[in-house]
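Descriptive analysis of the structure
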2 protein chains.
Amino acid sequence: MEKNFEIPSWQEAAGELVAVAAGRKPASLVLRNVRWVNVQSREIIPATDLAIAAGRFAYCGPDASHCIGDDTDIVECDGLYALPGFCDGHMHVESGMLTPARFAEAVIPHGTTTMFVDPHEIANVLGLSGVRLMHDEAMIQPVNMFVQMPSCVPSAPGLETPGARITPADVEEAMRWPGIAGLGEMMNFGGVVAGSPELLAEIASAQRAGKTVGGHYASPDLGPAFHAYLAAGPADDHEGTREIDAVSRARRGMRAMMRLGSAWYDVESQITAVTERGLDSRNFILCTDDCHSGTLVNEGHMNRVVKHAISCGCDPLVAIQMATINTATHFGMERELGSIAPGRRADAALTSDLGELPVLQVYARGRKLADRGELLVEAPRLAWPESARKSVKIGRPLGPEDFRIPAPAGANSVSARVIGIIENQAPTKALVEKLDVEDGYVRCDESRGICYLALVDRHGASGRIVKGFIGGFGYVGAMAIASTVAHDSHHMIVAGTDLENMALAGNRLAESDGGVTVWRDGEELALVGLPYAGLMSDRPAAEVAADAERMKEAMAACGCSLNNAFMQHSLLALAVIPELRITDLGLVDSTRFELVDLFVEEK
Amino acid sequence: MEKNFEIPSWQEAAGELVAVAAGRKPASLVLRNVRWVNVQSREIIPATDLAIAAGRFAYCGPDASHCIGDDTDIVECDGLYALPGFCDGHMHVESGMLTPARFAEAVIPHGTTTMFVDPHEIANVLGLSGVRLMHDEAMIQPVNMFVQMPSCVPSAPGLETPGARITPADVEEAMRWPGIAGLGEMMNFGGVVAGSPELLAEIASAQRAGKTVGGHYASPDLGPAFHAYLAAGPADDHEGTREIDAVSRARRGMRAMMRLGSAWYDVESQITAVTERGLDSRNFILCTDDCHSGTLVNEGHMNRVVKHAISCGCDPLVAIQMATINTATHFGMERELGSIAPGRRADAALTSDLGELPVLQVYARGRKLADRGELLVEAPRLAWPESARKSVKIGRPLGPEDFRIPAPAGANSVSARVIGIIENQAPTKALVEKLDVEDGYVRCDESRGICYLALVDRHGASGRIVKGFIGGFGYVGAMAIASTVAHDSHHMIVAGTDLENMALAGNRLAESDGGVTVWRDGEELALVGLPYAGLMSDRPAAEVAADAERMKEAMAACGCSLNNAFMQHSLLALAVIPELRITDLGLVDSTRFELVDLFVEEK
């Protein structure tokens, strides 16, 4: 199979493109008789021929006969719509639990040919070298995968210890890498608003390099803090959830990225800015942010988002612009991709219907990559070093005793802080619950849905374990669930009703190099093996999705019937979102951004 | 007066902008209560305050009270519309016969704050060093003047000898200068379509530098040649004249620049692509290309173009976008200028009416530059070297004998090629007329409007003079007109009915370092002194416009009542436009691109 998908730059190819368009040289491929979905003019132009050479469009017009020679491959399209390959303006590959190559394979049949990828998760595990691995594997894909350099590692400085840190010097260095499209989402908006010199230095690095600064202003406050964040320079934001969020951003030249992820539903509430208020749509971009492999396998990728936008009342051409040319323009790549036009990368999807968007054929760089959902190529993989595939370092085997929680001396019962899960929401509740003490240790309380929680340092092999309680999952019986996907520092989170099972689950992840495992009564019910940085698998998306489905079933078998329960589990350490979290440094009051004790003193 | 108009980059200013927007530091200026003409969202937002610091917008929102301190300058705008300063997407400063500083002074009161300037004319006289002078003077202006590096000098290789040449190496060098926005109009479209390696190398230099390649496809042929030109990479084109020209370009991601110059009227015929066909307007840009000083003084600049577009039925907000954000985006500067939004250069015009567009106040980089048409600053001037101010080198004084045209030996009459002027059109007619011979010399024929024409080498001091005949101006009496503005090589063109007056006119320009002069009966009727490269004056636009008006009157006094007669005169050497021209190498059949003899042999 073809392994090299590189194409010459436009300027390198110009001589050939000119010769083909002029009719002096034959095209390599002609797509004959398409309906040209023109995102430049916002028109559908019937009876169009597209001639391709050197991986780029050479001629887009009514008759490519003069571009056809003996060796020209001709595809009769019989009036199918040809649209530019979809662009995802902001996304995390790790959310699919897939390596970049496997992620690319999963989305190509859905018509995605360009992704702007923020490897924030691996950066928390492996730092700059992890970002470089993602970058290098992204660079060799048959579709366009650009990397946004993570900006906020750790996410919550002083409240957590990630596996590595990203410094302004790292950002400065990464801006020189060929596949870096900009700075990844600037999540520390509080720091930006306060004028943090380090954060402003990262933004400045990206701006000086002529690249795009990703934003993340996750607050409903549109007062001075919002304006201060804008003044710092982030050029887009995908954290808006209300129409006014999108409107406020677009008006100020910060592009409103509207996301439909596996668990994000922010398009419908914001797209009314265009469909009802009639704002110029050029500053609106569709993205996924986070897609699980199950979504990719069963529902689609950017085609799903575009279809959803259309179902929300958006004109199909406008919706397609929001996932093609708008994105390309945003990243300064409008002359390289994002439209079917001369000189651009020949990335296109063929469909028979602009509402339902069935993706019939997918081309990238002039090569056919998928046909009616079937992938026709194998995405090249990088040889990942052992350091990236053996990243779970807990220092020693875990025993039940590692998870038990000693009570204050002499106490018969305690008032303990408990992280309270809220279904379908990222924030948690900071609960305080009375718990019994037995033999000097605090007991969880299955009857009230409260179980043990532990965060095991898996980066430093220190053997350090922080303990607490969690409520709301509904776990019953002797069970445990452990995961090395634990935003954002990605230590190991273990939750369970039973200390023995917790130790088994934790040890299992250490020996399988990471992932998610569910145990009951001393037996493993499900394992999602994620040996790449403890976050990703290099198996096909369908297999990973099947494993994830078994994990979900196992969680249900243990009594948890919450929607998206694993996401809740994986966010238990996310110290930037209220109200109570657990990190390797302790329990965090993530409303006040400070560490708090597990036990609340009686007053 | 303030002489330094530099401002810090956004990244240098970010700390201050954030502090101002957050309310921790006072703004330098607040425009209070404007109607915000929002070109990002295409809305008018009433009751908006704009806070400015470090020459940039820091806060754009409903209430800037928190940005105001003791030293903040507050302008009460009482609901005036605030729109981004206008951008001219493509223009030649030399067409105004003004230096960059004087041009800037002329257009600032009209609300123009950004210009993309192609110094093609001076490049023909002084080469790269001339471009650098324009660049350096442009860089120090109080408004944004970016330079497009001229791409085609000479315009007609092999058919003319300019004062200097621009090579691909020159282009490569210029791409590193700070004020270069891209490559100037690629006029040699025939060469591009043929795949000229030198022209493709120039385009590649600009693309590699991440800059914008200007196009110029001056042909109605939209067949393969057009597509080949597109495939070479020019990103815009201002040569379209028909709706289909604009449509064909916009669809293919080549921005359609629609011009209204002093003598270009290409907006009305093309803007229907947006107003009637409903194409996405983002790829349409307004520009002037060429404005005479009289137009600048009496009619305006980009405000005139925008007003005209509105009068053609374009929505005012769309028309304003075409002269602000669309242009900025095209040049990759959308985060630097072209909108009123945080971080952007604080360039704005205040108006009371969006149809008539009276420009009441003009701000650039946060500084008030004009008030109700009155300029409040003096534009800094460069110290131009003598080589640029003494550029007219004819080698020796001219005498009447230099202009007489010897007949073939023994002839009593001749059939001579005559350049026939067509009123209001750039092309000429290639006429052949019978002319009498007297004392061995061919005589012009006032009765048929045919007079003498000469092109004097004014770059090489060679004393070389090419002679011919011109018809259609209607000159009578003993007169002559001479000009060192003579597109594109800018030698000296002398036309007249009388050899003595022709010599007087030519010598006058040599001694006054260039310009235009009109003589009758041995006396000078008018002189437009243009000592800067023989093309520009550093006097105020109003004075130059008054001189130009006197020149026009003088031409009329000599019998010429054609509209725009001087333009016709100055284009007599433009060998790229049909049908017959004169250059320093001879008469040019500019349909077949070859030199031809003055006399046609009888058959």
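Being a predicted model, the structure only gives us computed values, none of them experimental.

For the rest of this paragraph, the subject is the overall build of chain A. Assigned secondary structure in chain A consists of 17 helices and 30 strands. Relative to the compact-globule value of 25 Å for 603 residues, chain A shows a C-alpha radius of gyration of 25 Å, a close match. Reported as C-alpha extents along the three principal axes, the dimensions of chain A are approximately 90 × 50 × 45 Å. Considering chain A as a whole, with its 603 residues, one finds that 65% of them fall into the buried category. Contacts spanning at least 24 positions in sequence make up 69% of the contacts within chain A whose residues lie at least 6 apart. As presented, chain A carries roughly 19,400 Å² of accessible surface, and 48% of it is formed by carbon and sulfur atoms.

This paragraph deals with empty space enclosed by the protein. Within the structure shown, the criterion is met by three cavities of 30 Å³ or more. Empty space within the largest cavity amounts to approximately 160 Å³. Of all elements in the fold, only helix H13 (325-330) of chain A together with helix H13 (325-330) of chain B reach the threshold of two or more residues within the lining of the largest cavity. Looking at the lining of the largest cavity residue by residue, the class counts come to two nonpolar, eight polar and eight charged. As a volume, the second largest cavity reaches approximately 40 Å³. In terms of lining, the second largest cavity is formed by Gln40(A), Ile325(A), Thr329(A), Glu334(A), Arg344(A), Gly253(B), Arg255(B), Arg282(B) and Asn283(B). Of the residues in the lining of the second largest cavity, the class split is one nonpolar, four polar and four charged.

One finds Phe284(A), Leu286(A) and Phe469(A) to be the most contacted residues of the largest nonpolar core, which totals 183 residues. Top element by residues in this core is helix H3 (residues 120-139) of chain A. It accounts for nine residues. Leaving out residues up to four positions away in the same chain, Phe284(A) has contacts with Ala246(A), Ala250(A), Ala256(A), Met258(A), Ala273(A), Val274(A), Leu279(A), Met322(A) and Asn326(A). Grouped together as the second largest cluster of nonpolar side chains are 182 residues, Ala138(B), Cys314(B), Ala319(B) and Ala533(B) included.

The next thing to look at is the sheet that holds strand E7 (residues 112-117) of chain B. Residues and elements named next belong to chain B. As summarised here, the arrangement of the eight strands in space is E6-E7-E8-E9-E10-E11-E12-E13, forming an open sheet in which the pairing is parallel. The outermost strands of the open sheet, each flanked by one partner alone, are strand E6 (86-91) and strand E13 (284-287). Relative to E7, E6 is paired through four bridges, and the arrangement is parallel. Bridge assignment links Phe86 to a residue of E7, and that residue is Thr112.

It is worth spelling out the environment of Gly69(A) at this point. Residue and element names in this part refer to chain A. Inspection of the secondary structure assignment puts Gly69 in the loop between strand E3 (56-61) and strand E4 (73-76). The exposure class assigned to Gly69 is partly exposed, which follows from its relative accessible area of 24%. As for Gly69 and Lys25, which are separated by 44 residues in sequence, their C-alpha atoms are 7.6 Å apart.

Take helix H15 (residues 499-511) of chain B next. Residues and elements named next belong to chain B. In a regular helix each residue adds 1.5 Å, so 13 residues correspond to 18 Å; H15 covers 18 Å between its end C-alpha atoms and thus fits that length. Along H15, the residues classified as buried are Leu499, Asn501, Met502, Ala503, Ala505, Gly506 and Leu509. On its buried face, H15 is in contact with strand E22 (450-456), strand E24 (479-483), strand E25 (492-496), strand E26 (515-520) and strand E27 (523-529). The opening residue of H15, the one whose side-chain oxygen lies 3.2 Å from the backbone nitrogen of Glu500, is Asp498.

Here chain A sits on chain B after a turn of 180° about the axis and a move of 0.0 Å along it, with an RMSD of 0.0 Å. Seen this way, the second copy is the image of the first under a two-fold rotation axis. In terms of C-alpha distance to the rotation axis, chain A has Gly332(A) as its closest residue, with the C-alpha 3.5 Å off the axis. A share of 100% of the interface residues of chain A reappears at the interface of chain B, consistent with the copies meeting face to face through the same patch.

Here we come to the packing of aromatic side chains. Residues and elements named next belong to chain A. Scanning the entire structure with this criterion turns up 16 aromatic pairs over all chains. For the pair Phe116 and Phe146, a centre-to-centre distance of 5.4 Å together with 20° between the ring planes defines the contact as stacked. With a gap of 30 residues between them, Phe116 in strand E7 (residues 112-117) and Phe146 in strand E8 (residues 144-149) connect regions that are remote in the sequence. Relative accessible area serves as the criterion here: at 0%, Phe116 is assigned to the buried category. We classify Phe146 as buried; its relative accessible area is 11%.

Right, let's talk about the interface of chain A and chain B for a bit. The interface is formed by 60 residues belonging to chain A together with 60 residues belonging to chain B. Interface area lost by chain A to chain B is led by Gln11(A), Arg251(A) and Arg282(A), which between them contribute 15%. Between the two partners, chain A and chain B, sit six salt bridges. Connecting chain A to chain B are 31 residue pairs in polar contact (both at pLDDT 80 or more). In terms of residue count, helix H1 (residues 10-22) of chain A provides more of the side of chain A that touches chain B than any other element does, eight residues in total. The class makeup of the residues in the side of chain A that touches chain B is 30 nonpolar, 17 polar and 13 charged.

The next subject is the environment of Phe331(B). All names here are of chain B. Locating Phe331 in the fold gives a position in the loop between H13 and strand E14 (348-351). Sequence-wise, Phe331 and Cys60 are 271 residues apart; in three dimensions their C-alpha atoms are separated by 24 Å. Apart from residues lying up to four places away in sequence, Phe331 is in contact with Gly89, Phe116, Gln148, Ala181, Thr212 and Met257.

Turning next to the side chain of Thr295(A). All names here are of chain A. Here Thr295 shows up in helix H10 (residues 293-298). Taking the relative accessible area as the measure of exposure, Thr295 reaches 7% and is therefore buried. With residues near it in sequence (within four places) discarded, Thr295 still touches Ser262, Gly300 and Arg304.

Moving on to the state of the cysteines. All names here are of chain A. Summed over the entire model, instances satisfying the criterion amount to zero disulfides over all chains. A disulfide-free cysteine, Cys87 has its sulfur positioned 12 Å from the sulfur of Cys287, the nearest such atom. The thiol of Cys312 is not disulfide-bonded; the next cysteine sulfur, from Cys314, is found 8.5 Å away.

It is worth spelling out the sheet that holds strand E28 (residues 580-583) of chain A at this point. Residue and element names in this part refer to chain A. Strand order in the open sheet formed by three strands is E28-E29-E30, with antiparallel pairing between adjacent strands. Every other strand in the sheet has two partners, leaving E28 and strand E30 (594-596) as the edge strands with one partner each. Geometrically, the sheet is characterised by an average inter-axis angle of 45° between neighbouring strands, direction not taken into account. In this sheet, E30 lies alongside strand E29 (residues 586-589) in antiparallel orientation, the contact comprising three bridges. Bridging across to E30, Leu587 finds its partner in Val596.

Residue Val153(A) is joined to Pro154(A) through a cis peptide bond whose omega torsion reads 5°. Within the fold, Pro154(A) resides in the loop between E8 and helix H4 (168-174). Note that the residue after Pro578(A), namely Glu579(A), is joined by a cis bond; omega there is 0°. Counting through the fold element by element, Glu579(A) comes out in the loop between helix H17 (565-570) and E28. One non-glycine residue with positive phi stands out, namely Leu357(A), at about 55°. Note that Leu357(A) resides in the loop between strand E14 (348-351) and strand E15 (359-364). The backbone phi angle of Arg42(B) is positive, close to 60°, even though this residue is not glycine. Of note, Arg42(B) is situated in the loop between strand E1 (29-38) and strand E2 (43-53).

Residues and elements named next belong to chain A. Where strand E26 (residues 515-520) meets strand E27 (residues 523-529), six bridges bridge the pair, whose relative direction is antiparallel. What sits directly across from Trp519, in E27, is Glu524. Count of turn residues in the E26/E27 antiparallel hairpin: two residues, of which Asp521 carries a positive phi of about 50°.

Basis of the calculations
All residue numbers refer to position in the chain's written sequence, counted from 1. Following the order in which they are written, the chains are lettered starting with A and the ligands numbered starting with 1. Residues qualify for local features only when their pLDDT is at least 70, as the model is predicted, and side-chain atom pairs are given and counted only at 80 or more; totals for whole chains, interfaces and linings, by contrast, use all residues. To obtain the side-chain values, all non-hydrogen atoms of the structure were included, while hydrogens and water were left out. In DSSP terms, a helix is any run of H or I states spanning at least four residues, a strand is any run of E spanning at least two, and both are numbered starting from the N terminus. Each radius of gyration reported is based on C-alpha atoms, and the globular scaling rule is 2.2 Å times the count of residues to the power 0.38. Each residue gets one of three labels from its accessible area relative to the maximum for its type: buried under 20%, exposed over 50%, partly exposed in between, using a 1.4 Å probe on protein chains only. Every residue pair with non-hydrogen atoms within 4.5 Å of one another is taken to be in contact. Throughout, the Shrake-Rupley method with a 1.4 Å probe supplies accessible areas, and for residues the shown protein chains are the sole cover considered. The distinction between a cavity and a pocket rests on a 1 Å grid over the protein atoms alone: a 1.4 Å probe fits inside a cavity but cannot get out, while a pocket stays open yet meets protein on both sides within 12 Å along at least five of seven lines, and a residue with an atom within 4 Å of a point counts as lining. Grid points are joined across faces, edges and corners, and a volume is the space filled by probe spheres set on the points. Residue polarity follows a fixed list, in which Ala, Val, Leu, Ile, Met, Phe, Trp, Tyr, Cys and Pro are nonpolar, Asp, Glu, Lys and Arg are charged, and the others, Gly among them, are polar. Here the nonpolar core consists of buried residues drawn from Ala, Val, Leu, Ile, Met, Phe, Trp, Tyr and Cys, with membership extended through side-chain atoms lying within 4.5 Å. By definition, two strands form a pair when at least two bridges between them are found by DSSP. Here a helix's expected span is defined as the number of its residues, less one, multiplied by 1.5 Å. Any N or O atom pair separated by 3.5 Å or less is treated as a polar contact, with the protein-specific requirement of one donor-capable and one acceptor-capable atom, and with residues adjacent in sequence counted only for side-chain atom pairs. Alignment of copies: least-squares fit on C-alpha atoms of residues with pLDDT of at least 70 in both copies. Centre distance within 6.5 Å is the pairing criterion for rings of Phe, Tyr and Trp, where only the six-membered ring of Trp is used; planes under 30 degrees apart are then read as stacked, over 60 as edge-to-face, and the remainder as tilted. Summed over both partners, buried area is the accessible surface (1.4 Å probe) that two parts give up on being assembled. One speaks of a salt bridge when a side-chain nitrogen belonging to Lys or Arg is within 4 Å of a carboxyl oxygen belonging to Asp or Glu. Two cysteine sulfurs form a disulfide in these notes if their separation is within 2.5 Å. As a rule, the C-alpha atoms of each element are fitted with a line to give its axis, helices using only the stretch in contact, and angles between N-to-C directions run from 0 to 180 degrees.

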